[in-house]
Amino acid sequence: MKKIVFALLFTFFVSVLFAQDLKKAQKYAADKQLDKAKTEVDALLAKDPNNGEALYMKAIVYGQIADSAQFNSLVTGDARAEALDAFKKAIADSTNAKVSLMAIKDQYKALFDLYSGYYSAGAKAFNDAANASSKTGYEDAMNLFIKANDVGQYIAQKKYANIGAVDTTLVLNIGKAALNAKNDDAALKYFTMLADANIARTKGEDDNSGYVIPYQWLALHYKEAKDEANMMKYADLGQKLFPNSDYFTLVEMDYFREKKNQPALFKKYDELVAKYPDSLAYHFNYANDIFGYLYNSDEGTTINDKAALMKTLGAQVESAYKIDPADVNNNWLYAQYYYNLGIELRDSALKIKSTKPEDVKRKADLNAESKEGFNKAIPYADKSLATLEAGNKKADKSRYKSIDNLMQKIYQSLNMDAKVKIYQDKYDGADDKFVN
């Protein structure tokens, strides 16, 4: 009986001593004497590695050490990771009322501090990487944000706070850090999480411009991967969520252009010019793409609905001209349009060999229309040349010589040799003229 009493007394004294050491650790932590707090916690766990209260205290102390510039060298490696592991072990024993009471009283502060600590460290690493243009720094930021997300998802799983399956801003930051770190696998993973959840803004925010990035990156990623289904999925989704952004339409158009799918390309152009009737760029580019398709396609390409395309080309280049009559490229394109029209009419006339009166008349009409086309081309080309001559910029020399060459062809077609000589001289003198 005495032995039993002695054993009970010994256990009681051990419990008392343990409680006293735990209070020491708590006091040191409260007083920010983290070196002493760590010594006490480590000693407690050396005696009883599975003690829930000591483990919970370790989570608090190690988390504070991670946040302390003065004491963070006390732990080799990731102090927050050790703190999180200790918290999980402490809370795993649901029968330990003391640990549960500590956590509830503390409102799980130790855990939330790990979440915010990783997030803040990630944000600092991201900003430092931006200032230094450091790929490695962005990788560090990405990993810190991922750790914050892991803690956040653990919080959500335990229902300590209402954190969504996609922690919006945090996941966006992971993706942006991955993007800058050139880690495409991570960017794909986290941007897909955002896009598949149709996230376009953080709750309460009016400006959603930052959230367009995942959709833009995914659309371009899948375009480059030749995955049309996913490219269209994220481009269409991006266009729906960000209707003021033309990026997604332009990505699709680039894809169709590369695939030589002109009907799909021109359909997208129809949407753009209807949406932006005052856009010089969209009208010009539409006309320019049609021109390239009609006159610069690979040999053997079958041009469908050529007459309709020529009509659209003329309408688009005219719309661009009305917006800016002085635009060099559009005037140049307008001149090429009329010159090529003249050539086609002349070639059609040459094909008529019959001497029947109606055929002779038709041939004469075509030749007259051809000459009219050449003459219509001249003022547009001249306007482009005059604009370029006013600047004499070296960067404009190539365009200038190309337009001079076009003018020589026009006047050759009109059998006006003197005019041909004028533009040949301009062409030859361009190297000396365009030097600014």
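Residues numbered from 1 in each chain as written. Predicted model: local features only at pLDDT ≥ 70, side-chain atom pairs only at ≥ 80, totals over all residues. Heavy atoms only, no water.

## Quick notes on the overall build of the protein chain
To be explicit about the condition: Segments assigned H or I by DSSP are reported as helices when at least four residues long, segments assigned E as strands when at least two residues long, and all are numbered from the N terminus. The globule rule used for comparison is 2.2 Å times the number of residues to the exponent 0.38, while the radius of gyration itself is calculated over C-alpha atoms. We call a residue buried when its accessible area falls under 20% of the maximum for its residue type, exposed when it is over 50%, and partly exposed in between, using a 1.4 Å probe and counting protein chains only. Any two residues having at least one pair of non-hydrogen atoms within 4.5 Å are treated as being in contact. Under the convention used here, a 1.4 Å probe and the Shrake-Rupley method define accessible areas, while residue burial counts only the protein chains that appear. We count Lys and Arg on the positive side and Asp and Glu on the negative side, and we leave His and both chain ends out. Lys charges are placed at NZ, Arg charges at CZ, Asp charges at CG and Glu charges at CD.
Tallying secondary structure elements over the protein chain gives 19 helices and zero strands in all. Its C-alpha radius of gyration of 37 Å places the protein chain more than 25% over the 22 Å reference for a compact globule of 436 residues. Seen along its three principal axes, the alpha-carbon backbone of the protein chain occupies a region of about 140 × 45 × 35 Å. By residue count, 43% of the 436 residues in the protein chain fall in the buried class. The contacts in the protein chain between residues at least 6 apart in sequence include a share of 60% that link residues at least 24 apart. With the model as given, the accessible surface of the protein chain reaches about 23,700 Å², and the carbon-plus-sulfur share is 52%. Charge centroids of the protein chain, computed over 59 positive and 59 negative side chains, lie 3 Å from each other.

## As for helix H3 (residues 52-67)
What counts here: Expected helix span is computed as 1.5 Å times (number of residues minus one).
Taking 1.5 Å of rise per residue, the 16 residues of H3 would be expected to cover 22 Å, and the 23 Å separating its terminal C-alpha atoms lies within 8% of that figure. Within H3, 15 of the 16 residues are buried, which leaves the element mostly enclosed by the surrounding structure.

## Notes on the confidence of the model for the protein chain
The line we're drawing: The pLDDT value expresses, per residue, how confident the predictor is, ranging between 0 and 100.
Averaged over the protein chain, the pLDDT score is 92; the fraction of residues at 70 or greater is 94%. In the model of the protein chain, helix H1 (residues 2-30) stands out as the element of lowest mean pLDDT, 60, in contrast to helix H9 (residues 184-196), which has the highest, 98. Contacts for the low-pLDDT stretch residues 1-14, under 50 throughout, to residues beyond four places or in other chains number zero contacts.

## As for the pattern of salt bridges
Any two side chains of opposite charge can pair, given that their charged atoms come close. Here is the rule we go by: Whenever a carboxyl oxygen of Asp or Glu lies within 4 Å of a side-chain nitrogen of Lys or Arg, that contact is scored as a salt bridge.
Evaluation of the coordinates by the stated rule reveals 25 salt bridges. Between lysine 233 and aspartate 196 there is a salt bridge, with the nearest N and O atoms lying 3.5 Å from each other. Here lysine 233, found in helix H11 (residues 228-241), pairs with aspartate 196, found in helix H9; they are 37 residues apart in sequence, far enough to count as distant. Residue classification places lysine 233 among the partly exposed positions, given a relative accessible area of 41%. You can call aspartate 196 partly exposed: its relative accessible area is 45%. For aspartate 431, the salt bridge goes to lysine 401, with nearest N and O atoms at 3.5 Å. Of this pair, aspartate 431 sits in helix H19 (residues 417-433) while lysine 401 is found in helix H18 (residues 397-413), placing the two residues 30 residues apart along the sequence. A residue is classified by how much of its surface remains accessible, and aspartate 431, at 40% relative accessible area, is partly exposed.

## Points about the packing of aromatic side chains
Under the convention used in this document: Two rings belonging to Phe, Tyr or Trp (six-membered ring only in the last case) form a pair when the distance between their centres is within 6.5 Å. Interplanar angles under 30 degrees mark stacking, angles over 60 mark edge-to-face geometry, and anything in between is tilted. For a Lys NZ or an Arg CZ to count as sitting over a ring, it must be within 6 Å of the ring centre and within 35 degrees of the ring normal.
Considering all chains together, one arrives at 26 aromatic pairs under this definition. Consider the rings of tyrosine 339 and phenylalanine 374, whose centres lie 5.8 Å apart with planes at 40°: the pair is tilted. A residue pair is termed long-range when its members are at least 10 positions apart, and tyrosine 339 in helix H16 (residues 328-350) and phenylalanine 374 in helix H17 (residues 357-391) qualify at 35 residues. Each member of the pair tyrosine 339 and phenylalanine 374 is classed as buried. One aromatic cluster in this structure is built from Tyr56, Phe87, Tyr108, Tyr154 and Tyr160. Across from the ring centre of tyrosine 62, 4.8 Å away, lies the NZ or CZ of lysine 58, which sits over that ring.

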